[in-house]
Amino acid sequence: MRLHTRDVRQDVRELGALLGDVLEAQTSTASFETVEELRKAAIAYRKGDAGSRDDLYEVLSELDPETESVVARAFTTYFELINLAEERERVRVIREGSQEGTLEDGILDTLDELRDEDVDEELLSTVLNDVLIEPTFTAHPTEARRKTVKAKLRSIANRLETLDERRLTDLEHDQEWRHIVAEVTSLWQTSQVRNRRPEPTDEARNVQWYLESILFDVVGEVYEELEEVLHREYPDLDVPKLFEFRSWAGSDRDGNPFVTVDVTEETLERQRNVVLQKYSDSLKRLSGVLSQDATRVETGYKLERSLKADRDLLPVVAEEADERYPDEPYRQKLKLMRERLRRIEDVRPNGYNEPSELMDDLEVIDASLRSTGAGQVADVYVEPLMRQADTFGFTLASLDLRDHQKNHTEAVHDALAHEGIDYCGRSESERVELLTDAILQEEPVVDFETVEDLSDTAQRVLRRFRKLGEWQREYGVGAIDTYCISMTEEPSHVLEVLFLADQAGVVSLPDHCGLDVVPLLETESALNGARRIMGTLFENEAYEKALAARNNVQEIMLGYSDSNKENGFLAANWDLYKNQRRLATICDDFDVTMRLFHGRGGSISRGGGPMNEAMLALPNETVTGQIKFTEQGEAIAEKYGNPRIAERNLEQMLNAQVRARLQAKREPEEHVPERWVDAMDTMSTAARAEYRDLLESEGFVSYFEQATPITVIEELNLGSRPASRSDAERTVEDLRAIPWVFSWTQSRCILPGWYSLAAGVEAYLDEDGDYDTVREMYDEWPFFRSMLDNAAMSLARTDLEIAAEYANLADEDLRNEYFPRLQAEYEDAVSLMLDITDRDGLLKREWLEQSLSRRNPYVDPLNLLQTHLLSQTHRTDDEERTLRLTVKGIAAGMKNTG
């Protein structure tokens, strides 16, 4: 059966031609011909039909500012449209693979794996009950597109889906295409560059869109397919809750002064409004289905009892329901349920108090339907809603609070000083003792109502903790029950948060702890000091009681971004791997269940790459079943912007986590040969030394400023958070990881994803190492294979010919010192990669290779236009806007920012 009427080549060809028509109609034939000249010259060079890029340079050098803007807009819009074509192709592959049963790493593969491993129902039930996957959406500023632009692109994508998946008459086809023409025309006339920096509430709404518009419906479908497949072999298996979604958008205060308590409160309220409306709409639709006549169907005692309880709570509404739906008990029940949902946010009593009460009512309906022989109705209409209620609760996504440890220390110091207690003058052990005693005593030490004399930072922090108690009372503890501490270096940094939560009434030991306090270990010193930090906490009387109140689960966040920026790709990956195992051992020693929170970014250097492969590459000791990870920027749009791709993404992650947990149950400690560990230690030491030497070399920061568009990126309105941590003179340490990676990506020299990899491997080979061992590590060690495959993607996206154009922008002495060094390391890395992996090319995925070859000729003109504009010492306002637009276009072409 043919599922689709189009293919990616047709989509690319027709969308490209349409854009050309729109460009010519909206500008001029001359502008269209200029863009065509650039396009053809770039393709000719990439194909080898031209010996140089001289034709490109010649056309670009003759452009006036207005035509430069047209060129930038044309290629940027092209990539936006081609991204839609490639998204459509991904959907085709998913649908066709599903139809043919050939999709890898999906739910069918999960069943095959269970069969192959002879997993019995008891073991599978244990594994599934251990698994909880928690994607956590952040508002980090890596999404270069405006919301308005994304909306137009989504409209075009929907029309392409209709053309591709429905059998249309010629008239219907023409109507759909006319809508696409209209949207592309509107897209051309719409500004690609934000005129203002987005506010935190904008970012929260953006995250909310994916949750309410895509994931809310997709989750039920994933469970439905999972149960259908697993019940073929395990008919009595109960599938537990496997997913939970969380968010930092509107609650992450670290480095962002604009995320206030008012923003967080607005986010909580809006998310509750959205999810309650989703349930109400679902119940209304369900009422249209459950029209069973009680005179013909025996709905059972439990439904009758449940209805009676609701009638006692809501007698007036019950009377209306009886009059409107005589002899239709399901509809009566659903009307009462909708009223209870409305009253959650109402001053009137008898609304639902907890999501579990809504779940109980749905379970009553489900059981009643099954008792009447309407199990199919329950499967199709009630089960998905039950899964949604279990997953999203009354919060849509639970919020995590986050702030930098120095702000908590300042707040504690000021608050205690106000009470006549010296805090900062004490040693670390004395601070721990003071905080412990204060947490354990019944009377509060700090008066949150008298903070006017404290510093601004202390006032903000104390107000946040005071409001936290109010939020938990209003929205439920589960709505906002995690507090992440950036740059945790000492046990006192964790106890400070527990102390403030205790003083605010969020914690009342030993009976109640309303927070998971999560240390974020992101520096080399913090990671290497993990036993000291966590061991001190686990032995602490107050913290031990807090853990007991949280089911003895300790969440620990690992920072991929700053670790990479500090140590380089290879050393950071090895440090993270070793320290994950170390943390698992520490938690095991103290009989604490560990939940790792992986602070991954979208780019390879910041922990990006396929999440399912990353899950399978984790050390067995760390796979407790619960896993949490950040999703941010363009990665959110790519993974969750399309329902079929979102469903596929969740299925792949579930497949990986079930397999990883099963492997961990059978082999709790991963066996890694000592010679592999020794090899990695040698590689890591040399790689870190080479990377640090590069960063600390005099003039490197100046080279970075001159050979990348960092100054332009810092001025872009990408997100609400500032690009740097301070206003002082630029240092690599002070620069946030996102603009650091974004800048190198723009210049096509993606060194954060590969620099010093070759230096590390070569150091091992020079110290009596051998290729056979390295190849063995690649073939047999998931961690090493995943690391090299990810580096290969960064190497494949790097283009040193284009990077040389950016290097030429730097002072001659800086260029001569640094670019040859980067070039040599890149070439060595490529050579080693091909040798180790025994591949002809860097990429193991053919579709990615095809995508890059399709895109590169169209990215080149944008890069060359960008370097041309960067080389000018004085730019007009129009040229500044064009320069910013080239950043957006290259980001779209590379499908990556930071």
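In short, a report on the structure.

About the cut-offs
Residues numbered from 1 in each chain as written. Predicted model: local features only at pLDDT ≥ 70, side-chain atom pairs only at ≥ 80, totals over all residues. Heavy atoms only, no water. Helix = DSSP H or I, 4+ residues; strand = E, 2+ residues; numbered from the N terminus. Rg over C-alpha atoms; globule rule 2.2 N^0.38 Å. Buried < 20%, exposed > 50% of the residue type's maximum accessible area, 1.4 Å probe, protein only. Areas by Shrake-Rupley, 256 points an atom, 1.4 Å probe, with all protein chains shown as cover. Salt bridge = Lys/Arg side-chain N within 4 Å of Asp/Glu carboxyl O. Pairing = 2+ DSSP bridges. Contact = heavy atoms within 4.5 Å. Axes fitted to C-alpha atoms, helices over the stretch in contact; angles between N-to-C directions. Polar contact = N/O pair within 3.5 Å; in protein donor to acceptor, adjacent residues only side chain to side chain. Phe/Tyr/Trp six-rings, centres within 6.5 Å; stacked < 30°, edge-to-face > 60°. Lys NZ or Arg CZ within 6 Å of the ring centre and 35° of its normal.

**Brief notes about the overall build of the protein chain**
Working step 1: Scanning the protein chain from terminus to terminus reveals 38 helices and 10 strands.
Working step 2: Rg of the C-alpha trace for the protein chain: 29 Å, near the compact-globule value of 29 Å for 898 residues, within the 12% margin.
Working step 3: Overall, the C-alpha framework of the protein chain stretches about 85 × 80 × 60 Å when taken along its three principal axes.
Working step 4: A burial count over the protein chain gives 60% of its 898 residues as buried.
Working step 5: Total accessible area on the protein chain is roughly 35,800 Å²; 43% of this is exposed by carbon and sulfur atoms.

**Thoughts on the pattern of salt bridges**
Working step 1: On inspection of all chains with the given rule, the structure shows 82 salt bridges.
Working step 2: Across the salt bridge formed by R246 and E134, the nearest N and O atoms sit 4.0 Å from each other. With R246 in strand β2 (residues 246-247) and E134 in strand β1 (residues 132-137), the pair connects residues that are 112 residues apart, well separated along the chain.
Working step 3: Judged by its relative accessible area of 4%, R246 is buried.
Working step 4: The class of E134 is buried, set by a relative accessible area of 3%.

**Here we look at the environment of H413**
Working step 1: For H413, the position within the fold is in helix α16 (residues 405-418).
Working step 2: A residue is classified by how much of its surface remains accessible, and H413, at 25% relative accessible area, is partly exposed.
Working step 3: Residues H413 and Q472, spaced 59 residues apart in sequence, show a C-alpha to C-alpha distance of 26 Å.

**Digging into the sheet that holds strand β7 (residues 516-521)**
Working step 1: With respect to topology, eight strands assemble into a closed barrel ordered β1-β2-β3-β4-β7-β8-β9-β10, the strand pairing being parallel.
Working step 2: Where β7 and strand β8 (residues 553-559) come together, two bridges link them in parallel fashion. Each residue of the ladder has a partner; that of L521, found in β8, is L558.
Working step 3: Relative to strand β3 (residues 398-404), α16 is tilted by about 75°, and along the sheet it contacts β3 and β4 (482-486).

**Considerations on the side chain of K628**
Working step 1: Relative to the assigned elements, K628 resides in strand β10 (residues 626-631).
Working step 2: A polar atom in the side chain of K628 sits 2.9 Å from the side chain of E555.
Working step 3: Apart from the residues lying within four places of it in its own chain, the contact partners of K628 are E134, T136, R246, D400, T482, E555, L596, F597 and H598.

**Structural notes on unusual backbone geometry**
Working step 1: In this model, L509 is joined to P510 through a cis peptide bond whose omega is 5°.
Working step 2: Inspection of the secondary structure puts P510 in the loop between β5 (507-508) and β6 (512-513).
Working step 3: The phi angle at D118 is positive, at roughly 55°, despite the residue not being glycine.
Working step 4: Tracing the backbone shows D118 in the loop between α5 (107-116) and α6 (121-130).
Working step 5: Classification of D118 as exposed rests on a relative accessible area of 65%.
Working step 6: A positive phi angle is found at D591, which is not glycine, with a value near 55°.
Working step 7: Judged by its relative accessible area of 63%, D591 falls in the exposed class.

**Things to note about the packing of aromatic side chains**
Working step 1: Under the criterion given, the structure shown has 31 aromatic pairs.
Working step 2: Note on Y78 and Y858: the rings are 4.2 Å apart at their centroids and 15° apart in plane angle, and the pair reads as stacked. One end of the pair, Y78, is in helix α4 (residues 65-100); the other, Y858, is in helix α37 (residues 846-870), and 780 residues separate them in sequence.
Working step 3: The exposure class of Y78 is buried, given its relative accessible area of 9%.
Working step 4: Ring geometry for F216 and F392: centres 5.2 Å apart, planes at 35°, overall tilted. Here F216, found in helix α9 (residues 200-230), pairs with F392, found in helix α15 (residues 375-392); they are 176 residues apart in sequence, far enough to count as distant. With respect to class, F216 is no different from F392; both count as buried.
Working step 5: Put simply, the rings of F137, F216, F245, Y279, Y352, F392, F394 and Y640 pair up and form one aromatic cluster.
Working step 6: In this structure, R73 is placed above the aromatic ring of W188, and the distance from its NZ or CZ to the ring centre is 5.7 Å.
Working step 7: The positively charged end of K628 is found above the aromatic ring belonging to F597, 4.4 Å away from the centroid.

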